[in-house]
Amino acid sequence: MSTTRAFWLIPFRYTVPADLERWFEQRAAEGLIADRVRQWSSLRMRLNRREPATYRYVVDAQPAPRSDYLTTYEDLGWEHVGQMASIHVWRRAYTGKRPEAFTDRPSATGRNLRFALAAGIAAVMLLVVAIVLAIVAVAADVAADESVQLWLAAGLAGLVGVAVAAATLTILRARNR
Amino acid sequence: MFYILLALRQERHGYGIMQHVLALTGGRIELGAGTIYSTLGKLERQGLIAATAEVDRRKNYVITERGTAALVLEARRIAELHDHSKELL
């Protein structure tokens, strides 16, 4: 049996931070442990097979963290698993009460809103790209096959943009979780 | 936010704040890393605290005059609540 197992598009399938954390924790309880996440883990997440473990995973969106970001978490017992774009993943082994990194409502909601903002910006950018491509396909003097390619690209960007916009709304609705 | 401002009447970093608040509340309040980090950022942006020094990527913060004024205002509000609560007990 392979020592690892790959999962696809996990942050896109579990867009609400609390759901993504639970996903990591449930896999760890099954013996599939996220020991390291990297930039491309948002597309393909590789988990290590070993003894089941009880970890608390926390995800945090920090596009421009201050210099004391990592040490603040590390000093309080959290291990930096890695980051995917601006999403940092932290974990902590525990017994008994499940530890929290966000221990008050405003900071927990703020974390969720940062996720929503990141997704919202991505959605707007994708939809703008889709509209621009569609305008070029209609207005520019291009050959028929190029026009088809432009429409396909516009359609793809539009579809992904709508999906990301829907994810943004899902995060906003769950902002107090 | 109240306890973080209270802790920063003396210069402290994130871990120091957590320890101080934990001791002050007899173990009742254990501030999480995400809460401490994000609240420090918010308080600094509002001018209620200021970073003083950084050693080994650990930033120390201390309350400002504006922060002290906000803390006193909040303390007065809590004292008023406390006075009114006593009528019930």
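This write-up is about the structure you can find in this document. As the structure is a prediction and not an experimental result, all values here were calculated from the model. (Residues numbered from 1 in each chain as written. Chains lettered and ligands numbered in written order. Predicted model: local features only at pLDDT ≥ 70, side-chain atom pairs only at ≥ 80, totals over all residues. Heavy atoms only, no water.)

**Here we look at the interface of chain B and chain A**
Opposite the 21 residues of chain B that make contact, chain A presents 22 residues. Here chain B meets chain A over a buried area of about 1800 Å², counting both sides, of which 50% is carbon and sulfur. Three residues stand out in chain B for area buried against chain A, namely B:Ala33, B:Tyr37 and B:Arg57, and they jointly supply 39% of the buried area on that side. At the boundary of chain B and chain A, one finds one salt bridge. Linking chain B to chain A there are 13 residue pairs in polar contact (both at pLDDT 80 or more). Counting only elements with at least two residues in the side of chain B that touches chain A, the list comes to helix 2 (14-24), helix 3 (33-45) and strand 2 (58-63) of chain B. For the side of chain B that touches chain A, the leading source of residues is helix 3 of chain B, giving 10 residues. (Contact = heavy atoms within 4.5 Å. Buried area = accessible area lost by both parts, 1.4 Å probe. Salt bridge = Lys/Arg side-chain N within 4 Å of Asp/Glu carboxyl O. Polar contact = N/O pair within 3.5 Å; in protein donor to acceptor, adjacent residues only side chain to side chain. Helix = DSSP H or I, 4+ residues; strand = E, 2+ residues; numbered from the N terminus.)

**Digging into the packing of helix 4 (residues 105-139) of chain A against helix 5 (residues 144-173) of chain A**
Residues and elements named next belong to chain A. Two elements in contact, helix 4 and helix 5, have axes separated by 7 Å at closest approach and are oriented at 160 degrees. Our classification of the angle between helix 4 and helix 5 gives roughly antiparallel. For the pair helix 4 and helix 5, the crossing hand works out as left-handed. Of the residues contributing to the contact of helix 4 with helix 5, the split by class is 26 nonpolar, six polar and no charged. (Axes fitted to C-alpha atoms, helices over the stretch in contact; angles between N-to-C directions. Parallel < 35°, antiparallel > 145°, perpendicular 65-115°, else oblique. Left-handed = near helix turned anticlockwise from the far one by under 90°. Nonpolar A, V, L, I, M, F, W, Y, C, P; charged D, E, K, R; others polar.)

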